[in-house]
Amino acid sequence: MDLGLKDKVAIITGGSRGIGKGIALGLAAEGCHLAICARNPAQLEAAATEICAKKVEALTLPLDVTQPDHVEQLVQQTIAKFGKIDILVNNVGGNRRGPFEKTSDEDWEAIIDLNLMAHVRVSRAVIPHLREQKSGVILFISSIFGRESGGANLSIYNTTKSALISLAKIMAVELAPHHIRVNSVAPGSIRFPGGSWDKRCLEDPEGMKAFVAREMPLGRFGTVEEVANVVVFLASERASLVTGACLNVDGCQSRSLI
Ligand SMILES: NC(=O)c1ccc[n+]([C@@H]2O[C@H](COP(=O)([O-])OP(=O)(O)OC[C@H]3O[C@@H](n4cnc5c(N)ncnc54)[C@H](OP(=O)(O)O)[C@@H]3O)[C@@H](O)[C@H]2O)c1
């Protein structure tokens, strides 16, 4: 199946490692040029080397998406290099675990800024370019814990990830007349070297073995490539009727019926 992504231009926030890098490599394999951002420049450059090996161009932007002026730079520099933007993948995200009563305003503000406001600002800055060309795709990397309860100690993460799914749906309605599709993706537990699940597996192998047996019907964690494959499809014209949706990529880990 030709996905029609050759010579498209995509921005991936947090494209230097983990799921974001997997998505960047998946899009690059289809001939898409990439602008990737993250705070650590060395990891960004290493990711760009892998991307360029797929014979596409990569723009690396070492910046912090929680800073509004950095968001402006991200979009302006992508336009300056490539002259257009076709796809935005809002991937950056993080977590502060803890009992709700112990969470501080600072905890809430930091994660709302990272998991929600960064995506709001990047999307708002990209939309005029998509509207002008009368096409485009915006994707949000949420979580299965945005669709259903992740349990204790996840109030901030769960709340912000649910907000992303709501935001994507409303944006999809508003932007449909401009031929801009907006969807969210809800990964389950994804393991990759150096990632949060990898660290937990190394710290507590027996506990994590029990977690997989109990929570993961496929008997294993997901991979970044499995998330990337779904994102690449959603970014492509083959998903032309898919907008306002949230797709689980979780090996049936989640329990929600919707
Ligand atoms: N891994 C999972 O099991 C899982 C499951 C469900 C959903 N998700 C979601 O998937 C997304 C990616 O997860 P991941 O596990 O791949 O995360 P990760 O390993 O922590 O990678 C996050 C990426 O974002 C960048 N980043 C973080 N803060 C940033 C900031 N303020 N400005 C610019 N870049 C920033 C990081 O680079 P720097 O640190 O250098 O900035 C890195 O490239 C997140 O939204 C996460 O919530 C993950």
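Notes on the structure follow. The written sequence of each chain sets the order in which its residues are numbered from 1. Whole-chain, interface and lining totals are the exception, using all residues; otherwise, since this is a predicted model, local features are given only for residues with pLDDT of at least 70 and side-chain atom pairs are given and counted only at 80 or more. To obtain the side-chain values, all non-hydrogen atoms of the structure were included, while hydrogens and water were left out.

### Observations regarding the nonpolar core
By nonpolar core we mean a set of buried residues, namely Ala, Val, Leu, Ile, Met, Phe, Trp, Tyr and Cys, connected to one another through side-chain atoms within 4.5 Å. Burial status follows relative accessibility: with a 1.4 Å probe on protein chains alone, a residue under 20% of its type maximum counts as buried, one over 50% as exposed, and anything between as partly exposed. Ile12, Ile23, Leu27, Leu34 and Ile51 are the most contacted members of the largest nonpolar core, which totals 37 residues. For helices the rule is a DSSP run of H or I covering at least 4 residues; for strands it is a run of E covering at least 2, with both sets numbered from the N terminus onward. Secondary structure elements with two or more residues in this core: β1 (9–13), α1 (18–29), β2 (33–38), α2 (41–52), β4 (87–90), β5 (136–141) and α9 (224–235). Broken down by element, the residue count for this core peaks at 7 residues, all from α9. Residues in contact with Leu34, not counting those within four places in the same chain, are Ala10, Ile12, Ala24, Leu27, Ala28, Ile51, Val56, Glu57, Ala58, Leu59 and Phe82. Grouped together as the second largest cluster of nonpolar side chains are 32 residues, Phe82, Val122, Leu130 and Leu175 included. The contact rule is simple, with two residues in contact once any of their heavy atoms fall within 4.5 Å.

### Remarks on the pairing of β5
Burial within β5 is extensive, with 6 of its 6 residues counted as buried. Covered by surrounding structure in β5 are Gly136, Ile138 and Phe140 together with Val137, Leu139 and Ile141, the residues of both alternating faces. Orient the strands so they point away from the viewer, and a crossover whose first-strand-to-second-strand path over the helix runs clockwise is right-handed. Handedness of the β-α-β unit built from β4, helix α4 (residues 105–133) and β5 comes out right-handed.

### Considerations on the pattern of salt bridges
Counted as salt bridges are all cases of a side-chain nitrogen of Lys or Arg within 4 Å of a carboxyl oxygen of Asp or Glu. Overall, the coordinates contain 10 salt bridges when judged by the stated rule. In this structure, Asp86 engages Lys84 in a salt bridge whose closest nitrogen and oxygen atoms are separated by 3.1 Å. The exposure class assigned to Lys84 is partly exposed, which follows from its relative accessible area of 28%. For Arg214, the salt bridge identified is with Glu215, shortest N-O distance 3.2 Å. We classify Arg214 as exposed; its relative accessible area is 55%. Residue Glu215 is classed as buried on the basis of its relative accessible area, which comes to 18%. When salt bridges with common partners are traced through the structure, they connect Arg96, Glu106 and Asp107 into a single cluster.

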